[in-house]
Amino acid sequence: MFKLSLRPLWVFSFGVLVLAGCQSPEEKRAEAYEKGMAFMQKHNYDAALIAFKNAVKADPKDAQSLYQLGQVYLETGDGEKALIELQKANAIKPGLPGYALAEARAYHLQGKLDEAWKRLQPLLAADIKAKALAGQVLLRKGDLNGARKYLEEALAANVEPLMDLLGLAEIELQQRQPAKARALLERAAKADASAVQPL
């Protein structure tokens, strides 16, 4: 009777597993980074968070991985963790594109409005997203006229119309203009029906 030995199969399987785990740190970082970017595109922030943490684990000095990890924290509303990762990225590679706006967003999320405003001021002449955020910051600071100015400019550029419309609606409500606020909220509902839920 013929007897089959499983030992060669086991040794082969073990060898394949060992070789599969023999990626260089750069290969691991690149693979995790690409996965993170793909998850960000799909707005799957939980998966992106894991992927970018893996990228940073593989190469703690990679500014892009740290920056993207900060971006994930911004998208999930954690301004404190976002700021930590963004500042690490900036320390490694100063002047990353979008850094100043991301830093301002992180301060805004933390309610540190003066810090956010300070970071936004140099950006306002050329960055429409900075104007949209400036409108939100000034709204929270109680400067309704300044908020209206920046939100209207941002809305005209149609970059993030939902947030701009909601901000303008809040201004109208604070100024006791419910009909104008309602019209803006109806426009916001048309801009993104999933974001405005009926009461």
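What counts, and at which threshold
Residues numbered from 1 in each chain as written. Predicted model: local features only at pLDDT ≥ 70, side-chain atom pairs only at ≥ 80, totals over all residues. Heavy atoms only, no water. Helix = DSSP H or I, 4+ residues; strand = E, 2+ residues; numbered from the N terminus. Contact = heavy atoms within 4.5 Å. Salt bridge = Lys/Arg side-chain N within 4 Å of Asp/Glu carboxyl O. Buried < 20%, exposed > 50% of the residue type's maximum accessible area, 1.4 Å probe, protein only. Phe/Tyr/Trp six-rings, centres within 6.5 Å; stacked < 30°, edge-to-face > 60°. Lys NZ or Arg CZ within 6 Å of the ring centre and 35° of its normal. Axes fitted to C-alpha atoms, helices over the stretch in contact; angles between N-to-C directions. Parallel < 35°, antiparallel > 145°, perpendicular 65-115°, else oblique. Left-handed = near helix turned anticlockwise from the far one by under 90°. Nonpolar A, V, L, I, M, F, W, Y, C, P; charged D, E, K, R; others polar.

K.L.:
Could you give an account of the environment of L168, naming the residues involved and the relevant values?
P.N.:
Structurally, the position occupied by L168 is in helix 10 (residues 161–174). For the pair formed by L168 and L151, sequence separation is 17 residues and the distance between their alpha carbons is 6.8 Å. Apart from residues no more than four positions distant in its own chain, L168 is found in contact with R148, L151, E152, L155 and L184.

K.L.:
Tell me what's going on with the pattern of salt bridges, and back it up with residues and numbers.
P.N.:
Within the structure shown, the criterion is met by 14 salt bridges. A salt bridge links K131 to E153, with the nearest nitrogen and oxygen atoms 2.7 Å apart. A residue pair is termed long-range when its members are at least 10 positions apart, and K131 in helix 8 (residues 128–141) and E153 in helix 9 (residues 144–157) qualify at 22 residues. Using a relative accessible area of 28% as the deciding quantity, one classes E153 as partly exposed. Counted as one network, the salt bridges with shared partners bring together E103, E115, K118 and R119.

K.L.:
Explain the packing of aromatic side chains residue by residue, including any values.
P.N.:
In this structure the tally under the stated criterion is two aromatic pairs. An angle of 70° between the planes, with centres 5.7 Å apart, marks the rings of Y33 and F52 as edge-to-face. Note that Y33 is positioned in helix 2 (residues 25–41) and F52 in helix 3 (residues 45–58), a separation of 19 residues in sequence. Each member of the pair Y33 and F52 is classed as buried. Over the ring of Y33 we find R29; its NZ or CZ atom is 5.6 Å from the centre of that ring.

K.L.:
Just give me the short version of the packing of helix 2 against helix 3, but keep the residues and values in it.
P.N.:
Remark: helix 2 packs on helix 3, axes separated minimally by 8 Å, with the N-to-C direction vectors making an angle of 160°. The orientation of helix 2 with respect to helix 3, classified from their angle, is roughly antiparallel. The hand of the helix 2/helix 3 crossing is left-handed. Two secondary-structure elements touch here, helix 2 through P25, K28, R29, A32, Y33, K35, G36, M37, F39 and M40 and helix 3 through Y45, A47, A48, A51, F52, N54, A55 and A58. Partitioned by chemical class, the residues of the contact of helix 2 with helix 3 number 13 nonpolar, two polar and three charged.

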